[in-house]
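# Secondary and tertiary structure notes
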Amino acid sequence: MSNEYRLNSLEDDEILKLYELFFGPILMRRETEFYLESLKTFLNKESSIEKVVNKLNSLEIEIIKLLSQLTQVPAIFLNEKLSIIFGEHPSLIGKMIQNLIAKNFIFVHNEKFLFIPELLSVHYKKEGITAVKIDTQERIYDSGKFSDVINVIIYFLSKGLKFSKSGGLYKKDFEQLSTVFCTASGYLRDEYDIIGYFFSTTFMYEEELQMEKLQSFFKLSQLERMLALAEKVFPYLKPILKQVYENKTSYKISKNDLKQLFKILLLASVLNHEPYRADFNSIIDFLTKIGLCKTDGDDVIFIYYEESDVLPMELKITSNFAIYTNSGNTDCDYYLCALFSEFVKYDKITELEINDRSICRAIQNGCTFKQFEDFILQHSVNLGTNVSTTIKEWFSRHNSFFYVEGTIFFAESIEKGKTITRLIESGTIKAFPVKEDAVFLIPDEEKELFFSFMSRSNFTFFEKKPRKKAEADSQNEDPTEYRTFLTFNND
């Protein structure tokens, strides 16, 4: 959308509002063209805009200057975006935006986009930013650069953590996480929060694990996983990454230009989730650690890789139920370790532990003993008889019974179903057989007594609710009109 179109797209009432901003209330209405010409003539004077804008406070002026760099700005999450850029609370930003709209500095179209009229914005327009093509020697992505991230994800899975509304870690969870990881990874709080934001917005929906999305992610190569995280947490990087991988070349941008580019791309992006809060330096430090880019003096280089390393998983399970794996492995089923066990230690070797709690959690996530057996066989692990028997008993105990919300109760095996039948026949509990020794109907008025008896008698059961599925993420589009301020020099 050109600046000319922006000017022509102003509604008559918007032209009048802009006129009143500079000249005061209109007492006698004239043709719209008169007001447009008056505005153009008046604003050609160098000091005209400054005299009006300087009546605003310093934050409002900075907002005007920043929004003037774009033809239009998506309204969704605008307060949160500007909060990240200016370091102010979103509610304060919201008040500033509403004030600027009320004063006719900012106009709104279709409740979806905000813009500064071109007659104003041209005064603050900066020159575009150029990314320069550069040759690099790095063609194979070192999978080790992303292994810390993968293992933090494994940790989250094994602990069943809950995250804040914004996708961050709670203090107590961070303290435990840092005890396990900090010595080996060297990550800071911001960097763990970036991984937490990725995990909670990608694999969780209303506190339930989305197994299909988890499996799809682990099927990717380590390079593809790294790019998936970058595009999910920092979707405004998409135009740069798209250019890098379509042209199969690295690009260099000065740090100062990139800092300004981050702000504009963030503002221009249409996001599916509230943006992750991090300052520019924290973002660059993290992206450097995972190998997406590197710094070179005053420049940042976004690196192109052709492919990434592959490192098979080496798996060992001991007689004390400890699991040991090489932490840098890229196997697509590594996540299963976290579903069946709990994270214990992390370094070059990751240690996890299978226990009664972890098997219970595995069942709640839909895993079965058959899946566990297949996983063990796939990796040629020979379990001792005692270990195999105990794990099978844990699965059997926790998977004995489950109930569907409301009234239907399922028994896992005929033997356990017969136990329920005998209890019903003896009058100990009240329920009606739906399928002999397998499925039972519990009257609503008997539900509380039924499950109270089951609990006192040490019967293990689970409430089986329909699994919630998140709506498919709509593909984040390229930030609105990024080509008006970002170009790539391929010479």
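Throughout what follows, the structure given in this document is the object of discussion. (Residues numbered from 1 in each chain as written. Predicted model: local features only at pLDDT ≥ 70, side-chain atom pairs only at ≥ 80, totals over all residues. Heavy atoms only, no water.)

### Points about helix 11 (residues 189-202)
With 14 residues, helix 11 extends 20 Å between its outermost C-alpha atoms, agreeing within 8% with the 20 Å of an ideal straight helix rising 1.5 Å per residue. In terms of residue burial, helix 11 counts as a mostly covered element, since twelve of its 14 residues are buried. Turning to helix 11, its buried residues are Glu 191, Tyr 192, Asp 193, Ile 194, Ile 195, Gly 196, Tyr 197, Phe 198, Phe 199, Ser 200, Thr 201 and Thr 202. Turning to helix 11, the residues buried within the fold contact helix 9 (144-159), helix 10 (171-185), strand 6 (204-205), helix 12 (211-218), helix 13 (222-233) and helix 16 (280-289). (Helix = DSSP H or I, 4+ residues; strand = E, 2+ residues; numbered from the N terminus. Expected span 1.5 Å × (residues − 1). Buried < 20%, exposed > 50% of the residue type's maximum accessible area, 1.4 Å probe, protein only. Contact = heavy atoms within 4.5 Å.)

### Concerning the side chain of Asn 104
Tracing the chain through its elements places Asn 104 in the loop between helix 7 (90-102) and strand 2 (107-109). The class of Asn 104 is buried, set by a relative accessible area of 13%. When residues no more than four places from it in sequence are discounted, the contact partners of Asn 104 are Lys 17, Leu 18 and Leu 21.

### A few points about the packing of aromatic side chains
Evaluated as defined, the whole model comprises 36 aromatic pairs. Plain terms: the ring middles of Tyr 155 and Phe 156 are 6.4 Å apart, the flat faces sit at 70° to each other, and that makes the pair edge-to-face. Look at Phe 156 and Phe 199: their rings are 5.3 Å apart centre to centre, the planes differ by 65°, and that puts the pair in the edge-to-face class. In this pair, Phe 156 is assigned in helix 9 and Phe 199 in helix 11, connecting sequence segments 43 residues apart. Of the two residues, Phe 156 and Phe 199, both sit in the buried class. Its end group placed over the ring of Phe 174, Arg 189 keeps NZ or CZ at 4.6 Å from the ring centre. (Phe/Tyr/Trp six-rings, centres within 6.5 Å; stacked < 30°, edge-to-face > 60°. Lys NZ or Arg CZ within 6 Å of the ring centre and 35° of its normal.)

### Examining the pattern of salt bridges
All chains considered together, the criterion is met by twelve salt bridges. In this structure, Arg 139 engages Glu 306 in a salt bridge whose closest nitrogen and oxygen atoms are separated by 3.7 Å. Here Glu 306 lies in the loop between strand 10 (299-302) and strand 11 (307-308) and Arg 139 lies in the loop between strand 4 (129-134) and strand 5 (140-141), a separation of 167 residues in the sequence. You can call Arg 139 partly exposed: its relative accessible area is 30%. Across the pair Asp 173 and Lys 172 runs a salt bridge, and its minimum N-O distance is 3.2 Å. By relative accessible area, Asp 173 is classed as buried at 5%. For Lys 172, a relative accessible area of 54% corresponds to the exposed category. Each member of the salt-bridge network shares a partner with another, and the members are Lys 159, Glu 342 and Arg 357. (Salt bridge = Lys/Arg side-chain N within 4 Å of Asp/Glu carboxyl O.)

### What about helix 22 (residues 447-456)?
Phe 450, Phe 451, Phe 453 and Met 454 are the residues of helix 22 that are buried. Looking straight down helix 22, one finds that the buried residues subtend no more than 155° of arc, so they occupy a single side. Turned more than 90 degrees away from the buried face of helix 22 sit Glu 448, Leu 449 and Arg 456, all of them exposed. In the stretch just after helix 22, Asn 458 is the one whose phi turns positive, near 65°. (Arc of directions from axis to C-beta.)

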